[in-house]
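# Commentary on secondary and tertiary structure
Each chain, letter by letter, is given below.
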Amino acid sequence: MKKYIQSLKIALCALVFLSSCDLLDITPDHVVPEEAAFSDVDSYQMALNNVFRKMTSSVMNMQSTDFASDDFSSVLPGYAPTNYYIYNWDYQTQPQPFIWSYQYQLIAQENVLIGNYSIVPANDETEQKEIDQIYAQALGLRAWSLFNLVQLYAPHYTGENGAEAAIPLKLKLDLEYLPRASLTEVFQQIYSDLEKAEQLFVDTDYAPSSTRKAYQFGLDAVRALQARVALFAGDLDKAKDASAHFINTPLLSQETYWMLWEDQFGTANKEIIFMTHDLSDTDDADLVDYHEMYVTNNVRLSDELMTSFSADDVRKEASYIGPNQMPYKHIIPVNERNSQPDRNLHYKHFRLAEQYLIYAEAVLESAPDEAMRVLNLLKEARGAELLTQTPTKLDILNERRKELFAEGLRFYDLKRLSSELNIVVQRKDGKVLTPNSPLYIWDIPKEETNSNPYIN
């Protein structure tokens, strides 16, 4: 398991901020001596900051999964051939997707934070609350990493197939080989981490400043992830309860939608739940320039997606879908508000609109009128045509597609609903992704299968 061992080494180096570590993808700017690691709340916070910093690399983003969906109609190899292979559902040709190794690197860093929680000293009650909240963020982030991995490298979890093999469940920093845990075990761990994190935030009266809130994996992010996990696991009651925390928060209007992408620090923008910093002021800016992935692959959004937008839908405007139908969400182009483009936009991982959509789907069967009300709130805010009759699950799925394109969720949606809704994805060369296809389960990288005796 050579690659995995390398990942753990990277995590150790990152967490103690050793200047001699040459395995890091990003060279740390602020170095803390090894003996000072976790000696106080500041060093504990710096270790968490390094996790967030790791997440700013473009290969950490889950948006590469979009290439396996039906949202793109044209993808060329370019300088990122892995995306082209994903587009063709080829998960074995080198270079293979980075998601497995990078998510486990994140888990290793998160495990160090979680494992050392009890030894971080606090001088007073205020510091103890800070330590508790850092620990809670690490739990939430680990749950997110596990969820990303199990969504790609295991069968879709229905609640009835819990005994099927999923992914290795790494819960502490060690170098031992592990077999794949069951789907039930993985989802139980995800729920456990999220429940602990939520309770810690509540018990410590979590109340971050408005300028820091969206950059912390805090109470709102944990609840947003709870809703996402529950929806994809088919637990509609949990999905409803978690997403209900958000549906009374107003969305931006059609006229102010631009703030979501261009005014991320504005107090009027309540739609961002969690985002990561860009590195536009460092030498590592190219790592987070996710737009470059689209350019080099000459990505084109599908005509089917484009024609699904109604005439006045703000989401199809040129600031969000550029020339040749290329996704523009992750840059700020030249427009009436900006004289210069900015390709290093802070990436939004959890947004308010997703919670509206989760809630609508969660209550669709039990309260269809409520589902229509909430869905229409989103449609009205985006300038889309309103529903005049009770929505179907396909209506909600189509709205998710329009709202969340290029945000790494469409492939997950197809995996969970293609069988029920009979959705078939077809490429121009005739290749197809059929419901329940084994292509919905990505191949575990060869480096892992060649070295881990428990995985073949």
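A brief report on the enclosed structure follows. Not measured: the values here are computed from a predicted model. (Residues numbered from 1 in each chain as written. Predicted model: local features only at pLDDT ≥ 70, side-chain atom pairs only at ≥ 80, totals over all residues. Heavy atoms only, no water.)

## Section: the overall build of the protein chain
The helix and strand tally for the protein chain stands at 17 helices and 8 strands. Partitioning the intrachain contacts of the protein chain with sequence separation of at least 6 by distance along the chain shows that 71% fall at a separation of at least 24. A total of about 18800 Å² of accessible surface is found on the protein chain, and carbon and sulfur atoms cover 48% of it. (Helix = DSSP H or I, 4+ residues; strand = E, 2+ residues; numbered from the N terminus. Contact = heavy atoms within 4.5 Å. Areas by Shrake-Rupley, 256 points an atom, 1.4 Å probe, with all protein chains shown as cover.)

## Overview of the packing of aromatic side chains
Evaluation of the coordinates by the stated rule reveals 25 aromatic pairs. The interplanar angle of 85° and the centroid separation of 5.9 Å between the aromatic rings of Trp144 and Phe274 together place this pair among those described as edge-to-face. Residue Trp144 is found in helix H5 (residues 125-153), and its partner Phe274 is found in strand E4 (residues 272-276); the two are separated by 130 residues along the sequence. The residues Trp144 and Phe274 share a single accessibility class, namely buried. Residues Phe309 and Phe405 carry aromatic rings whose centres are separated by 6.3 Å and whose planes lie at 80° to one another, so their mutual orientation is edge-to-face. (Phe/Tyr/Trp six-rings, centres within 6.5 Å; stacked < 30°, edge-to-face > 60°. Buried < 20%, exposed > 50% of the residue type's maximum accessible area, 1.4 Å probe, protein only.)

## What to know about the side chain of Arg228
Tracing the backbone through its elements, the reader meets Arg228 in helix H7 (residues 219-232). If we skip the residues at most four places from it in the chain, Arg228 touches Trp144, Phe147, His349, Phe350, Glu354, Ile358 and Leu409.

## A closer look at the packing of helix H2 (residues 41-55) against helix H4 (residues 99-115)
Their axes nearest at 10 Å, the elements H2 and H4 cross at an angle of 170°. When the axes of H2 and H4 are compared, the pair comes out roughly antiparallel. Of the residues in H4, those in contact with Tyr44, Ala47, Leu48, Asn50, Val51, Lys54 and Met55 of H2 are Tyr102, Gln105, Leu106, Gln109, Glu110 and Leu113. In terms of residue class, the contact of H2 with H4 is made up of 8 nonpolar, 3 polar and 2 charged. (Axes fitted to C-alpha atoms, helices over the stretch in contact; angles between N-to-C directions. Parallel < 35°, antiparallel > 145°, perpendicular 65-115°, else oblique. Nonpolar A, V, L, I, M, F, W, Y, C, P; charged D, E, K, R; others polar.)

## Here's the deal with the pattern of salt bridges
Pairing between side chains of opposite charge can happen when their charged atoms approach one another. Tallied over the entire structure, the rule returns 29 salt bridges. A salt bridge links Glu271 to Arg382, with the shortest nitrogen-to-oxygen separation between them at 2.8 Å. Note that Glu271 is positioned in the loop between helix H9 (258-262) and E4 and Arg382 in helix H14 (residues 368-382), a separation of 111 residues in sequence. Pair check on accessibility: Glu271 and Arg382 agree, each one buried. Close ionic contact of Glu399 with Lys379 constitutes a salt bridge, the shortest N to O distance being 2.8 Å. One end of the pair, Glu399, is in helix H15 (residues 393-404); the other, Lys379, is in helix H14, with 20 residues separating them in the sequence. For Glu399, a relative accessible area of 1% puts it in the buried group. Several salt bridges converge on common partners, so that one network encompasses Glu271, Asp313, Arg315, Lys329, Arg351, Lys379, Arg382, Glu399, Lys402, Glu403 and Glu407. (Salt bridge = Lys/Arg side-chain N within 4 Å of Asp/Glu carboxyl O.)

## Quick look at the layout of surface pockets
Taken as a whole, the second largest pocket holds about 440 Å³ of empty space. Lining the second largest pocket are 19 residues, and of these Ser210, Lys213, Asn269, Lys270 and Ile272 lie nearest its centre. Looking at the lining of the second largest pocket element by element, the count peaks at 3 residues for E4. Residue classes in the lining of the second largest pocket are distributed as 8 nonpolar, 8 polar and 3 charged. (1 Å grid on protein atoms, 1.4 Å probe; cavity = no way out; pocket = protein on both sides within 12 Å on 5 of 7 lines; lining within 4 Å. Points joined across faces, edges and corners; volume = space filled by probe spheres on them.)

## A closer look at the side chain of Thr204
With respect to the secondary-structure elements, Thr204 resides in the loop between helix H6 (183-203) and H7. Overall, Thr204 belongs to the buried group, its relative accessible area being 6%. At 3.1 Å, the side chain of Thr204 and the side chain of Gln133 are in polar contact. Here Phe201 takes part through its backbone oxygen, which lies 3.4 Å from a polar atom of the side chain of Thr204. (Polar contact = N/O pair within 3.5 Å; in protein donor to acceptor, adjacent residues only side chain to side chain.)

## Quick notes on a negative patch on the surface
Residues Asp40, Asp42, Asp124, Glu125 and Glu130 make up a contiguous surface patch of negative charge. The exposure class assigned to Glu125 is exposed, which follows from its relative accessible area of 59%. (Patch = residues over 30% accessible without salt bridge, like charges linked within 9 Å, V, L, I, M, F, W, Y side chains within 5 Å. Lys, Arg positive; Asp, Glu negative; His and termini not counted. Charge placed at Lys NZ, Arg CZ, Asp CG, Glu CD.)

## Considerations on unusual backbone geometry
Glycine aside, residues mostly have negative phi angles, and peptide bonds mostly take the trans form. Pro95 follows Gln94 through a cis peptide bond whose omega is -5°. Here the phi dihedral of Trp89 falls at roughly 55°; this positive angle occurs in a residue that is not glycine. Residue position: Trp89 is located in the loop between helix H3 (81-87) and H4. Overall, the relative accessible area of 5% leaves Trp89 in the buried class.

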